[in-house]
Amino acid sequence: YTKAIETDATGHVYFSNRCACLTALGKYEEALRDANECVRLNAQWAKGYYRKGNVLGLLGRNEEAVEVLKKGLGVDPSNNDVRARLSEVRQAAEEDKKKRAKYGDMTPALQAKAEGNDLYKRGLFPDAIAAYSRGLTLATTDAEKV
């Protein structure tokens, strides 16, 4: 898709498809840039909002994802993919609120690390490893990776 974008940088579908590939590779920040460009190029295409909301959710930015996916439903109220992902990130946003009450305003990466610490102390080692791994995936700075 990069070659297609080099040939035609106005093709919103190219950015959408490259976003999907980058998402599958776990390159969420790069995927978000493509999703943003996709929506910028065609604000009347619900799938662009789906791509953006999906990546935001994977980055732990669930409240932002909710707002983006609502815009997607505004464009196409019958889009079941947007509707389903909106339901998922709404639930995650509610869980985030509960976590903020427990952990304060930590970043998603630091919350995952704190959850891992709690699980480790309780002897739930596989769950702790999963939480630590999630934290590393969500980390956007070197300080969050420590």
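What you see is a predicted model, and the numbers here were worked out from it, not measured in a lab. Residue numbers restart at each chain and count upward from 1, following the sequence in its written direction. For this predicted model, a pLDDT threshold of at least 70 governs which residues receive local features, and a threshold of 80 or more governs which side-chain atom pairs are given and counted, while totals over whole chains, interfaces and linings are taken from all residues. Water and hydrogen atoms play no part in the side-chain values, which are based on all heavy atoms of the structure.

Enquirer: Teacher, can you tell me more about the pattern of salt bridges here?
Expert: Side chains that differ in charge, positive against negative, can pair when their charged atoms come close. Only one rule defines a salt bridge in this text: a Lys or Arg side-chain nitrogen within 4 Å of an Asp or Glu carboxyl oxygen. Taken as a whole and judged by the stated rule, the model has 8 salt bridges. Ionic pairing is found between Lys102 and Asp118, a salt bridge with its closest N-O pair at 3.6 Å. Of the two residues, Lys102 sits in helix H6 (residues 80-103) while Asp118 sits in helix H7 (residues 108-121), which places them 16 residues apart along the sequence. In this scheme, a residue with accessible area under 20% of its type's maximum is buried, one over 50% is exposed, and one in between is partly exposed, where area comes from a 1.4 Å probe on protein chains only. Take Lys102: its relative accessible area is 58%, and that puts it in the exposed class. A residue is classified by how much of its surface remains accessible, and Asp118, at 24% relative accessible area, is partly exposed. Helix and strand definitions here come from DSSP, where helices need a minimum of 4 consecutive H or I residues and strands a minimum of 2 consecutive E residues; each element is numbered from the N-terminal end.

Enquirer: What should I look at first to understand the packing of helix H4 (residues 46-58) against H6 in this one?
Expert: A pair of packed helices can be characterised by two numbers: the angle between their axes and the separation between those axes. Angles run from 0 to 180 degrees between N-to-C directions of axes, and those axes are lines fitted to C-alpha atoms, restricted for helices to the stretch in contact. For the pair H4 and H6, the least separation of the axes is 10 Å and the interaxial angle reads 20°. Considering the angle they form, H4 stands roughly parallel to H6. In the packing of H4 onto H6, the handedness of the crossing is left-handed. Listed contacts from H6 to Ala46, Tyr50, Asn54, Gly57 and Leu58 of H4 are Asp81, Val82, Arg85 and Val89. Classes in brief: Ala, Val, Leu, Ile, Met, Phe, Trp, Tyr, Cys and Pro nonpolar; Asp, Glu, Lys and Arg charged; the others, Gly included, polar. Considered class by class, the residues forming the contact of H4 with H6 number 5 nonpolar, 2 polar and 2 charged. Note on terminology: angles under 35 degrees are roughly parallel, angles over 145 are roughly antiparallel, angles of 65 to 115 are roughly perpendicular, and the others are oblique. Crossings are sorted by hand: turned counterclockwise from the far helix by less than a right angle, the near helix makes the crossing left-handed, and turned clockwise it makes it right-handed. By the convention used here, residues are in contact when the closest approach between their heavy atoms is within 4.5 Å.

Enquirer: Just to check I follow, could you spell out the nonpolar core for this structure?
Expert: Only buried Ala, Val, Leu, Ile, Met, Phe, Trp, Tyr and Cys residues count toward a nonpolar core, and they belong to the same one when joined by side-chain atoms within 4.5 Å. Formed by 21 residues in total, the largest nonpolar core has its most connected members in Val55, Leu86 and Val89. Of all the secondary structure elements, the ones that give two or more residues to this core are helix H2 (12-24), helix H3 (28-41), H4, helix H5 (62-75) and H6. Setting aside residues no more than four positions away along its own chain, Leu86 makes contact with Val66, Leu69, Lys70 and Leu73.

Enquirer: Looking at this model, I keep getting lost on the packing of H2 against H4. Mind explaining?
Expert: It is the contact of H2 with H4, at a shortest axis distance of 10 Å, that shows an interaxial angle of 20°. In terms of orientation, H2 and H4 fall into the roughly parallel class. Between H2 and H4 lies a crossing whose hand is left-handed. Here Ser16, Asn17, Cys19, Ala20 and Thr23 of H2 come into contact with H4, specifically with Lys47, Arg51, Asn54, Val55 and Leu58. Along the lines of polarity and charge, the residues of the contact of H2 with H4 split into 4 nonpolar, 4 polar and 2 charged.

Enquirer: Which parts of the structure should I look at to understand the packing of aromatic side chains?
Expert: Geometrically, a pair of aromatic rings is defined through the distance of the ring centres and the angle of the planes. Put simply, two rings from Phe, Tyr or Trp (the six-membered ring, in Trp's case) pair if the centres are within 6.5 Å, and we call them stacked under 30 degrees between planes, edge-to-face over 60, tilted for the rest. According to the stated counting rule, one finds 1 aromatic pair in the structure shown. Centroid distance Tyr120 to Phe125: 5.2 Å. Interplanar angle 65°. Geometry classified as edge-to-face.

Enquirer: Hey, could you run me through H2 in this one?
Expert: Side chains of residues three or four places apart in an α-helix project in the same direction, reflecting 3.6 residues per turn. By this rule the span expected of a helix is its residue count minus one, scaled by 1.5 Å. Between its first and last C-alpha, H2 extends 19 Å over 13 residues, near the 18 Å set by a 1.5 Å rise per residue. Those residues of H2 lying buried are His12, Phe15, Ser16, Arg18, Cys19, Leu22 and Thr23. Residues of H2 that are buried sit in contact with helix H1 (2-7), H3 and H4. Taken from the residues just after H2, Gly26 is the one with a positive phi, measuring 80°.

Enquirer: Honestly, the environment of Thr10 in this entry has me stumped. Any pointers?
Expert: Assignment of secondary structure puts Thr10 in the loop between H1 and H2. A sequence separation of 28 residues divides Thr10 from Cys38, and the C-alpha atoms of the two residues are 8.8 Å apart. At a separation of 2.5 Å, a polar atom in the side chain of Thr10 contacts the side chain of Asp8. Two N or O atoms form a polar contact when they lie within 3.5 Å of each other; inside protein one atom must be a possible hydrogen donor and the other a possible acceptor, and for residues adjacent in sequence the pair counts only when both atoms belong to side chains.

Enquirer: How do you make sense of H5 when you look at a structure like this?
Expert: With 14 residues, H5 extends 20 Å between its outermost C-alpha atoms, agreeing within 8% with the 20 Å of an ideal straight helix rising 1.5 Å per residue. When we look at burial in H5, the residues that qualify are Asn62, Ala65, Val66, Val68, Leu69, Gly72 and Leu73. Check the buried side of H5 and you find it contacts H4 and H6.

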